[in-house]
Amino acid sequence: MKQAIVIGSGLVGSLWAVYLTKAGYKVKVYERRPDMRKANIAAGKSINLATSYRGWKALDAVGLGDEIRKVAIPMYGRTMHLPDGSLNFQQYGADGQAIYSVSRGDINKKLMDAAETSAELHFDEECTTVDMEHNTCYFRNTITGHMSSAKGDVIFATDGAFSAVRYTSMQKMDRFNYSQNYIEDGYKEILLPANADGSPKLAVNTLHIWPRGRFMLIALPNFDNSFTCTLFMPMDGHEHCFRNLTSKEKVDVFFKEMFTDFHAMMPEVSDEWDAHPLSSLAIIRCFPWHYNNTALMGDAAHATVPFYGQGMNCGFEDCTVMWELMQQHDDNWPLVLGEYDRLRKPNGDAVQDLSLNNYLVMRDKVADPAFQLQLKIERRIAELYPDKYFPLYSMVSFTDIAYHEALKRGAAQEVSIWQFIDDHNITAATEQKDIDSLIHLRFG
Ligand SMILES: Cc1cc2nc3c(=O)[nH]c(=O)nc-3n(C[C@H](O)[C@H](O)[C@H](O)COP(=O)(O)OP(=O)(O)OC[C@H]3O[C@@H](n4cnc5c(N)ncnc54)[C@H](O)[C@@H]3O)c2cc1C
């Protein structure tokens, strides 16, 4: 029987192990941390995640989508909380289209359960290096210190943004390109609990954003009616930055002044401040993504910043594509992995560019009347001429159009929309019937 090794049982590794067992491989998964289903370990990077089309496609292909849907909360759009206290809702796509908030811990545990039905899962086993010439992985048990090794026909490193396989093995290779760029901003998560009677403090089926120009607060719903809120802000060097929030009083004043409605819902926010870590955000690019029969997947290959909610979705899409290539090339791994690199690298780069651009959109542009006008026109053109116009957000979140194609088409469309708005002097006050006639003339 062919043997596969998966390093890391995070989101991508656990799902990929399911795929490999379905393909008839004997799969061994090695995870550095204890088994999160038994140990009470923190969720890690974020408490909840937005799952969209590409993620569901990869889950459905191995029959796991419906199980995850049971714990997924649809979010049909973004609700902006403006400084004057007013709310503004922007629908994400067509009626009924949504991205879904899921608990990272829940989805990871369900994927591990699915993997474990036919794969071996080894916990507390940290990969120290991979001998890629001989397909051999080396491990250190984090409890006993015991060293061991395992050999596979093929090895997948799904060990996350700071991948040990990439660092200890690939980066030692000639002509391996690598870059790691921290963005200026970090993030801190805060839990907004449900009301005492269990009801939610915010509307549930929407992603909440408090855009404030150079920083923003967001909130995603949890199943128990609490919300996981994340403050993204420069670490340093700005009037409003994490470094300046040095005391409980300063945190309290900051929230009261900047997010007044949020503060009213959670006046004890400053008490929570120190209980949550401050984390950094980086974009990590590298190439190639394989050597011999060892390949990088998920964040190990293309870690990105979280502003498009696509990191996991893109990692899950790696599984879809790898699986399709296995079918096409009959598990001829040199061919499969060569094609995987060729097809996926431009998409890894594009999802990183899209994620960075969307930070500007979320923290600043969503509150800008000019952007709101652009969205309104885009939505209307897409409604009237769906075969001619597909908004960028929809391409990324509601289809599997290649990320690099979506990026290119989105940029061209933005230029054409602004040309259209300028050519006809369209403003927020222009009547809908006049906008419709102009759209028919231009796009009909
Ligand atoms: C704040 C935040 C919000 C996010 N929100 C979203 C979102 O809404 N939607 C979305 O799609 N994505 C989101 N992401 C991105 C998403 O979290 C990642 O893309 C996703 O977790 C990548 O999965 P992975 O399996 O590749 O890596 P990970 O989830 O990091 O898993 C890697 C696993 O490998 C293990 N490991 C590490 N080193 C070793 C070793 N040496 N040996 C053995 N095991 C090892 C780790 O313990 C871990 O279990 C967000 C990220 C952040 C930071």
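Above this text you will find the structure in question.
Below or above, wherever it landed, is the structure these notes cover. (Residues numbered from 1 in each chain as written. Predicted model: local features only at pLDDT ≥ 70, side-chain atom pairs only at ≥ 80, totals over all residues. Heavy atoms only, no water.)

1. A short note on the overall build of the chain
Note the threshold: What counts as a helix is a DSSP run of H or I of at least four residues, what counts as a strand is a run of E of at least two, and both are numbered from the N terminus. We take the radius of gyration over the C-alpha atoms and set the globule estimate at 2.2 Å times the residue count to the 0.38 power. Think of it in three bands: with a 1.4 Å probe and only protein chains considered, a residue is buried below 20% of the maximum accessible area for its type, exposed above 50%, and partly exposed in between. Any two residues whose heavy atoms approach within 4.5 Å are treated as being in contact. Exposure was quantified through the Shrake-Rupley algorithm and a 1.4 Å probe, taking into account, for residues, occlusion by the shown protein chains and nothing else. Counting rule applied: Lys, Arg positive; Asp, Glu negative; His and chain ends not counted. One atom stands in for each charge, and that atom is NZ of Lys, CZ of Arg, CG of Asp or CD of Glu.
Tallying secondary structure elements over the chain gives 15 helices and 19 strands in all. On C-alpha atoms alone, the chain measures out to a radius of gyration of 23 Å, which is about the 22 Å that the 2.2 N^0.38 rule sets for 444 residues. By principal-axis analysis of the C-alpha atoms, the chain measures approximately 70 × 55 × 40 Å. For the chain, buried positions account for 53% of its 444 residues. Pairs at least 24 residues apart make up 68% of the contacts formed inside the chain by residues separated by at least 6 positions. Roughly 19100 Å² of accessible area belongs to the chain as shown, and the carbon and sulfur atoms make up 52% of that amount. Averaged over its 44 positive side-chain charges, the chain has a centre that lies 2 Å from the centre of its 57 negative ones.

2. Quick look at the side chain of aspartate 341
Rules: When a carboxyl oxygen of Asp or Glu lies within 4 Å of a side-chain nitrogen of Lys or Arg, that pair is called a salt bridge.
With respect to the helices and strands, the residue aspartate 341 is situated in helix H11 (residues 333–363). For the buried aspartate 341, which has no salt bridge, the nearest side chain bearing the opposite charge is arginine 344, at an N-O separation of 9.5 Å. Sequence-distant contacts of aspartate 341, defined by excluding residues within four places in its chain, comprise Phe287, Pro288, Trp289, His290 and Pro346.

3. Regarding H11
The test is simple: By this rule the span expected of a helix is its residue count minus one, scaled by 1.5 Å. Bend at a residue means the angle formed by two fitted axes: the first through the 7 residues ending at that position, the second through the 7 residues beginning there.
Here H11 is 31 residues long and its end C-alpha atoms lie 43 Å apart, about the 45 Å a rise of 1.5 Å per residue gives. For H11, the principal kink sits at arginine 344 and spans about 35°; a proline, proline 346, occurs within the next four residues.

4. With respect to the nonpolar core
This is how it is decided: Take the buried Ala, Val, Leu, Ile, Met, Phe, Trp, Tyr and Cys residues and link them wherever side-chain atoms come within 4.5 Å; each set so joined is a nonpolar core.
Formed by 67 residues in total, the largest nonpolar core has its most connected members in Leu15, Trp16, Phe316 and Met322. No other element matches the eight residues that helix H1 (residues 11–22) contributes to this core. Among residues more than four places away in sequence, those in contact with tryptophan 16 are Val6, Phe156, Met297, Cys319, Met322, Trp323 and Met326. Ranked by size, the runner-up nonpolar core spans 30 residues in total, among them Phe232, Val351, Tyr359 and Ala406.

5. Section: the site of the ligand
Test applied: Summary of the distance rule: residues count as near a molecule or strand when at least one heavy atom falls within 4 Å of that molecule or strand. Whenever a nitrogen or oxygen atom comes within 3.5 Å of another N or O atom, the pair is scored as a polar contact, on the condition that within protein one atom can donate a hydrogen and the other can accept it, and that pairs from neighbouring residues in sequence are kept only if both atoms are in side chains. Charged residues are taken to be Asp, Glu, Lys and Arg, nonpolar residues to be Ala, Val, Leu, Ile, Met, Phe, Trp, Tyr, Cys and Pro, and polar residues to be all remaining types, Gly included.
Neighbouring the ligand are 30 residues, the closest being Glu31, Ala50, Arg104, Asp299 and Met312. A distance of 3.1 Å separates an oxygen atom of the ligand from a polar side-chain atom of arginine 33. A distance of 2.6 Å is found between an oxygen atom of the ligand and a backbone nitrogen or oxygen belonging to alanine 50. Here the ligand, which alone exposes 1000 Å², has 92% of that area covered by the protein. Tallied by class, the residues present in the shell around the ligand amount to 11 nonpolar, 10 polar and nine charged.

6. Re the sheet that holds strand S12 (residues 154–157)
Selection rule: By this definition, two strands are paired if DSSP reports at least two bridges between them.
A sheet is described by the order of its strands in space; here six strands give the open sequence S8-S2-S1-S12-S19-S18, paired in mixed fashion. Among the strands making up the open sheet, the edge pair consists of strand S8 (120–122) and strand S18 (290–291). Sheet topology places strand S1 (residues 3–7) next to strand S2 (residues 26–30); five bridges connect them, and they run parallel. Within S2, the residue paired with glutamine 3 across the bridge is lysine 26.

7. Quick notes on the layout of surface pockets
Rule in force here: The rule is simple: put a 1 Å grid over the protein atoms alone, call a set of points where a 1.4 Å probe fits but cannot get out a cavity, call an open set with protein on both sides within 12 Å along at least five of seven lines a pocket, and count a residue as lining if it has an atom within 4 Å of a point. Grid points are joined across faces, edges and corners, and a volume is the space filled by probe spheres set on the points.
One number sums up the size of the second largest pocket: a volume of about 880 Å³. Of all elements in the fold, only strand S6 (87–91), H11, helix H12 (369–384), helix H13 (392–398) and helix H14 (403–423) reach the threshold of two or more residues within the lining of the second largest pocket. Of all the elements, H12 adds the most residues to the lining of the second largest pocket, at nine residues. For the lining of the second largest pocket, the class distribution of residues is 18 nonpolar, 11 polar and eight charged.

8. Re the sheet that holds strand S4 (residues 73–75)
Short version of the rule: Note on geometry: axes are C-alpha line fits, over the in-contact stretch for helices, and angles between N-to-C directions span 0 to 180 degrees.
Read from one edge to the other, the open sheet built from three strands follows the order S3-S7-S4, with strand pairing classed as antiparallel. Each having just a single partner strand, strand S3 (48–51) and S4 make up the two edges of the open sheet. Strand-to-strand twist in this sheet, taken as the mean axis angle between neighbours without regard to direction, amounts to 35°. Across four bridges, the pairing between S3 and strand S7 (residues 99–103) is antiparallel. Residue pairing across strands places threonine 51 opposite tyrosine 100, the latter belonging to S7.

9. Some details on the packing of aromatic side chains
Where we set the bar: Side-chain rings of Phe, Tyr and Trp, where Trp is taken by its six-membered ring, are said to pair if the distance between their centres is within 6.5 Å; with planes under 30 degrees apart they count as stacked, over 60 as edge-to-face, and otherwise as tilted.
For the coordinates displayed, the defined rule picks out 25 aromatic pairs. Here the aromatic rings of phenylalanine 232 and tyrosine 359 are separated by 6.3 Å at their centres, their planes lie at 65°, and the arrangement is edge-to-face. On the criterion of sequence distance, the pair formed by phenylalanine 232 in strand S16 (residues 227–234) and tyrosine 359 in helix H11 is long-range, its members being 127 residues apart. By the burial criterion, phenylalanine 232 is buried, and tyrosine 359 matches it.

10. A look at the pattern of salt bridges
A full pass over the atoms with the stated rule returns 33 salt bridges. Note that arginine 33 is salt-bridged to glutamate 31, the shortest N-O span being 3.5 Å. The class for arginine 33 is partly exposed, based on a relative accessible area of 29%. Lysine 38 serves as the salt-bridge partner of aspartate 35, at 3.8 Å between the closest nitrogen and oxygen. Residue classification places aspartate 35 among the buried residues on the basis of a relative accessible area of 8%. The exposed category is assigned to lysine 38, whose relative accessible area is 72%. A single salt-bridge network, built from bridges that share partners, covers Asp35, Arg37, Lys38, Asp113 and Glu116.

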